[in-house]
Amino acid sequence: MNLKEVKEIINLLQNSDIDELEIEREGVRIRVKKTPGVQHVPITSTNLPSQIFQQPVPVTSVPVAPQNGGQAGQAQGAVPAEKGVIQIVSPMVGTFYRAPSSEAEPYVEVGTEVTKGQPLCIIEAMKMMNEIESEVSGKIVRILVENGQTVEFGQPLFQVETQ
Amino acid sequence: MINLDVSWVKNINCFQELPSTQDLALQLAKEGAEEGTLVVSEAQNSGRGRRGNSWFSPKGGLWFSFVLRPAAGIEGSVAAFNLGIGLSVIRAVKKIAGIGALIKWPNDILCGGKKLGGIIADAGTGKEGPAYVVAGIGINTNVPADAFPPQIRDTAVSLQGLGRSVDNLELMGRILEETGRMYRVFTRDGFSPILAEVKKSCYTIGKKIRVFGAGNYGTVTGRAVDISRKGGLVLKTDAGEVIEIFSGNVEMI
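Since the model is a prediction, treat every value here as computed from it, not as a measurement. (Residues numbered from 1 in each chain as written. Chains lettered and ligands numbered in written order. Predicted model: local features only at pLDDT ≥ 70, side-chain atom pairs only at ≥ 80, totals over all residues. Heavy atoms only, no water.)

Visitor: Any chance you could explain the pattern of salt bridges here in plain terms?
Guide: Oppositely charged side chains may form a pair once their charged atoms are brought near each other. As enumerated under the stated definition, the model contains 14 salt bridges over all chains in all. Note that A:Arg98 is salt-bridged to A:Glu109, the shortest N-O span being 2.8 Å. Of the two residues, A:Arg98 sits in the loop between β6 (94-97) and β7 (113-114) while A:Glu109 sits in the loop between β6 and β7, which places them eleven residues apart along the sequence. Exposure remark for A:Arg98: the relative accessible area of 18% places this residue in the buried category. Accessibility expressed as a relative area gives 40% for A:Glu109, which makes it partly exposed. With a closest N to O distance of 3.2 Å, B:Glu177 and B:Arg174 form a salt bridge. (Salt bridge = Lys/Arg side-chain N within 4 Å of Asp/Glu carboxyl O. Helix = DSSP H or I, 4+ residues; strand = E, 2+ residues; numbered from the N terminus. Buried < 20%, exposed > 50% of the residue type's maximum accessible area, 1.4 Å probe, protein only.)

Visitor: Help me out: how do you make sense of helix α5 (residues 192-200) of chain B in this one?
Guide: Each α-helix turn comprises 3.6 residues. Residues three or four places apart therefore point the same way. All names here are of chain B. Taken residue by residue, α5 has Ile194, Leu195 and Val198 as its buried positions. In a view along the axis of α5, the buried residues occupy a sector of 125°, so they form one face of it. Seen from the open side of α5, the exposed residues pointing more than 90 degrees away from its buried face are Ala196 and Lys200. Buried residues belonging to α5 abut α2 (81-97), α4 (168-189) and β9 (220-227). (Arc of directions from axis to C-beta. Contact = heavy atoms within 4.5 Å.)

Visitor: Mind showing me how you'd approach unusual backbone geometry here?
Guide: For residues that are not glycine, phi is negative in most cases, and the peptide bond is trans in most cases. Note the cis peptide between B:Trp105 and B:Pro106, where omega equals -5°. Structurally, B:Pro106 can be placed in the loop between β4 (102-104) and β5 (108-111). At A:Met126, a position not held by glycine, the phi torsion is positive, near 50°. With respect to the element layout, A:Met126 can be found in the loop between β8 (119-125) and β9 (128-133). A residue is classified by how much of its surface remains accessible, and A:Met126, at 1% relative accessible area, is buried. The phi dihedral of A:Lys127 is positive, around 65°, even though this residue is not glycine.

Visitor: Would you mind showing me how to read the UniProt feature "domain: Lipoyl-binding" (unreviewed entry) in chain A here?
Guide: Mapped onto the present numbering, the UniProt feature "domain: Lipoyl-binding" (unreviewed entry) falls on residues 85-161 of chain A. Between the end C-alpha atoms of residues 85-161 of chain A there is a gap of 4 Å, over a span that is 0% helix and 49% strand. (UniProt positions renumbered as here; feature names shortened; annotations may be inferred.)

Visitor: Quick question: what am I supposed to make of the nonpolar core here?
Guide: Side chains that are nonpolar tend, in soluble globular proteins, to be buried together. All names here are of chain B. Among the nonpolar cores identified, the biggest contains 96 residues, and Phe64 and Phe66 are the most heavily contacted of them. For this core, the element with the highest residue contribution is α2, accounting for nine residues. Among all residues touching Phe64, those that are not within four sequence positions of it are Thr21, Leu38, Val39, Val40, Ala135, Gly136, Ile137, Met172, Ile175 and Leu176. The next biggest cluster of nonpolar side chains, apart from the first, holds twelve residues, and it includes Leu24, Leu28, Ala33 and Val39. (Core = buried A, V, L, I, M, F, W, Y, C linked by side-chain atoms within 4.5 Å.)

Visitor: Teacher, can you tell me more about the packing of α4(B) against α5(B) here?
Guide: In helix packing, the relevant descriptors are the interaxial angle and the interaxial distance, both defined with respect to the helix axes. Residues and elements named next belong to chain B. Close contact between α4 and α5 brings their axes to 8 Å; oriented N to C, the two are set at 130°. The angle between the axes of α4 and α5 places the two elements in the oblique class. Touching Met182, Val185, Phe186 and Asp189 of α4 are Ser192, Pro193 and Ile194, all from α5. (Axes fitted to C-alpha atoms, helices over the stretch in contact; angles between N-to-C directions. Parallel < 35°, antiparallel > 145°, perpendicular 65-115°, else oblique.)

Quick look at the structure:
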């Protein structure tokens, strides 16, 4: 499929009464839709615009050692944690944001019950927005970084009590 | 006939109008869309920039987003990929419109010091699938100069305004070709092979700047001196300290 063919398909649609056209050739699928604003993908209530860009990234969750959790935590700039508390750490260097946009409410607060896969924050690096999801279900007991601060790779961000 | 190597583009979704190509492409990526899924719209009514900023995207401009699924191992440098996409846009604009544009770190495309376009990217991992990157590109191509809203009229520029109207599809095809080429290099050898060209194409280096929201540094002023191997902007602050920043809004002063 080359660009001329793509153009011909688009022209064909625009000059016709057809509303939507889908062509598959040589493993390439082209879908052209005329009706403004109508998406071919059903938008469900869980995909409202404010939530659409909530995308998870891989997160390493590090169990905090029960005995010397304090030391281990301090070594990484975290506060001591007890048994049954999982630390969510940053997978990258970037700026930590607690909300999806500057006007939006934070994803979570201390005390929020979260489920595995729920978004916790965004880390921005060079305007690439990386949504960080919780690796575990539990209750947020500590938020270790202030909104807008730089975080390093592996830096603890949240502590989640799993029991 | 234009023949481009865009074989990596597998699934093309064209619309006359969408709220945002990026939001739809993200949704598709989340639902498992394959690498090479492309969303293009003649106009967007809720085009977005960084952190919820809106992006003026009328008919006439070029607005599209695509899904990539990089293999494991480039997570650490994935943000620098943004700069690689910027480079691809610049190469394509040069070839199709015959105009030299520059990258304003990290993601604006400038022409004559005014904003010609921008790039956004969202990254993540589906529950089962590999990491994905959804990149969105917006370029003021055939937008009349007087169509810009008053608040951006002095800072934005279009190819049409420069007397260089283009065929949007041709420019998009060329950008996708350049991106595919850059992507292959990037996933194999990382950011280093393109760093020299990114630096050469960077509007920001050498400029006196103020950066808002530069992480722990808050707002800093100084002179941009370099781009690091990780893609960060190296800044010599007014206090004489050399720092590397990974986010923030850059203003020329």
